[in-house]
Amino acid sequence: MEMLSLIIEKALLKNHIGTPFRQGNISITHLLFADDLMLFLNGDLSSAKGILSCLKNFSKITGLEANLDKSEVFFSGTDSRTKRSILEVLKIREARMPIRYLGIPLFTSNLRAQDCWSLTGKIRRRISSWSSSHLSQAGRVELIKTVINSFQVFWASAFNLPKGVIHCLEKICRAFLWGHDPSQKKFHSTGWNDFCKPKGEGGAGIRKIEDINNAFQLKILWNSMQDKNSLWLKWFKAKYVKRKNFWTMKFLPKPSWGVRGMFKARSLGMPFICYNADNEEEIELWDQPWHPHGVLSSVFSRSCTDSSLASAKFLSQIHSANGWAPFLSKPSLSEVFEFLKKGSFNCNGRNRVIWKPTSAGLFTT
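Predicted, not measured: the structure shown is a model, and the values here were computed from it.

## Some words on the overall build of the protein
- A count of helical and extended segments in the protein gives 13 helices and 12 strands.
- The C-alpha atoms of the protein give a radius of gyration of 26 Å, which is well past the 21 Å a tight globule of 365 residues would have.
- By its C-alpha atoms, the protein is 75 × 70 × 35 Å across when sized along the principal axes.
- Buried residues in the protein amount to 40% of all 365 residues.
- Long-range contacts, defined as pairs at least 24 residues apart, comprise 60% of the intrachain contacts of the protein with a sequence gap of at least 6.
- Total accessible area computed for the protein in this model is approximately 21500 Å², and 52% of it derives from carbon and sulfur atoms.
- Treating the 51 positive side-chain charges of the protein as one cloud and the 29 negative ones as another, the clouds have centres 5 Å apart.

## Quick look at a positive patch on the surface
- A cluster of basic residues, Arg100, Lys122, Arg125 and Arg126, forms a positive patch on the protein surface.
- Looking at the positive patch element by element, the count peaks at three residues for helix α4 (residues 117-130).
- Among the secondary structure elements, Lys122 is positioned in helix α4.

## Brief notes about the layout of surface pockets
- Reported here for the second largest pocket is a volume of approximately 340 Å³.
- As for the second largest pocket, its lining consists of 17 residues, of which Lys237, Phe246, Trp247, Tyr275 and Gln288 are closest to the centre.
- For the lining of the second largest pocket, the secondary-structure elements that each account for two or more residues are α8 (209-226) and α9 (231-241).
- A per-element tally of the lining of the second largest pocket places α9 first, with four residues.
- Residues of the lining of the second largest pocket, tallied by class, amount to nine nonpolar, three polar and five charged.

## Let's talk about empty space enclosed by the protein
- Evaluated as defined, the whole model comprises one cavity of 30 Å³ or more.
- Space inside the largest cavity adds up to approximately 30 Å³.
- Ile144, Asn149, Gln152, Glu170, Cys173, Trp192, Ile206, Arg207, Lys208 and Ile209 are the residues that line the largest cavity.
- Elements that contribute at least two residues to the lining of the largest cavity include exactly α5 (137-156) and α6 (163-178).
- Of the residues forming the lining of the largest cavity, the biggest block, three residues, is contributed by α5.
- For the lining of the largest cavity, the residue count by class is five nonpolar, two polar and three charged.

## What about the pairing of strand β4 (residues 36-39)?
- Sheet topology note: the strand β3 (residues 30-33)/β4 ladder contains four bridges and is antiparallel. Residue pairing across strands places His30 opposite Leu39, the latter belonging to β4.
- Count of turn residues in the β3/β4 antiparallel hairpin: two residues, of which Ala34 carries a positive phi of about 55°.

## Notes on the pairing of strand β9 (residues 273-276)
- What you see with β9 is no split at all: Ile273 and Tyr275 on one side and Cys274 and Asn276 on the other are buried throughout.
- Note: β9 against strand β12 (residues 352-355), four bridges, orientation antiparallel. Within β12, the residue paired with Cys274 across the bridge is Ile354.

## A word on unusual backbone geometry
- In this structure, the amide linkage connecting Met97 to the following residue, Pro98, adopts the cis form with an omega of 0°.
- The residue Ala34 is not glycine, and still its phi comes out positive at about 55°.
- Secondary-structure assignment places Ala34 in the loop between β3 and β4.
- The backbone of Lys91 shows a phi angle near 60°, a positive value even though the residue is not glycine.
- Turning to its location among the elements, Lys91 is positioned in the loop between α3 (80-90) and β6 (93-94).

Rules used in this analysis
- Residues numbered from 1 in each chain as written.
- Predicted model: local features only at pLDDT ≥ 70, side-chain atom pairs only at ≥ 80, totals over all residues.
- Heavy atoms only, no water.
- Helix = DSSP H or I, 4+ residues; strand = E, 2+ residues; numbered from the N terminus.
- Rg over C-alpha atoms; globule rule 2.2 N^0.38 Å.
- Buried < 20%, exposed > 50% of the residue type's maximum accessible area, 1.4 Å probe, protein only.
- Contact = heavy atoms within 4.5 Å.
- Areas by Shrake-Rupley, 256 points an atom, 1.4 Å probe, with all protein chains shown as cover.
- Lys, Arg positive; Asp, Glu negative; His and termini not counted.
- Charge placed at Lys NZ, Arg CZ, Asp CG, Glu CD.
- Patch = residues over 30% accessible without salt bridge, like charges linked within 9 Å, V, L, I, M, F, W, Y side chains within 5 Å.
- Salt bridge = Lys/Arg side-chain N within 4 Å of Asp/Glu carboxyl O.
- 1 Å grid on protein atoms, 1.4 Å probe; cavity = no way out; pocket = protein on both sides within 12 Å on 5 of 7 lines; lining within 4 Å.
- Points joined across faces, edges and corners; volume = space filled by probe spheres on them.
- Nonpolar A, V, L, I, M, F, W, Y, C, P; charged D, E, K, R; others polar.
- Pairing = 2+ DSSP bridges.

Have a look at this one:
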């Protein structure tokens, strides 16, 4: 499929096709997963003809052809006349969002509670099939931990589940645990939060859905920071972060649900993430979490410090292999200097993101 990518990129450079997803020097024209292909094009006739030409060239070179009977085209903001012209050229049927792909829905709006009905319905049906069985409470706990939680994990790995859905799922699990219908109210001798504690703390070891959700939001953030070649990370930086610093920039007005999830993960992960400051020339002194005790700008006001320190942008301007900058020994900077000296430096030329709660420094769910 690399051949197809090259053909599409060449067509984009020659303006034979256009894409709505263009930000700076980043253009997203297609995504590939296994044998599936998603194309993102401008809603005009020239782009439709251009991509059809790309597919025909790919077929001539490789002998592989796209199955148009299994293909669908989605429109957004395209007038009806242009739609008809594009459909006549492509000979592909029109479809509408949302659709299901690999067991989860794809949609263009924020994730709503009704979008998760298939998840809640699947769990209800599975629990209903167990209701006739004579299960002990220990058996019910194991089914929640192994089967029900697996459904939730699959969705949480892709979406930031709405609070209403989380509340509904926990209500279903609580009812199953105590053996009654979710629509009925019943006194429980032990609270749900107590059941969700680790076994070592007297609980049953059931993982709360909100905790699962948060863990996977952090995983997306962690993977984005580890993979510098991530297309998602490049697009996110080009479109939303730009010249600002992700760790200190203000929350964006009316962000998409995906972007909102990144900012939520930032708030959750800030106390646990630290840059291993090995290449100090790349570390922003005030705005990146290079210090184990937090971002410097959140601990000390930049305007209230010495002008030499306030004007420093990179860590290399105050620290090097030879030690600290002389101006830090000023009495007025004694408190800041004591804080700075608690940072760690290896000076091996590479910056690495550290997950502080683990000895290996790696995030894991």
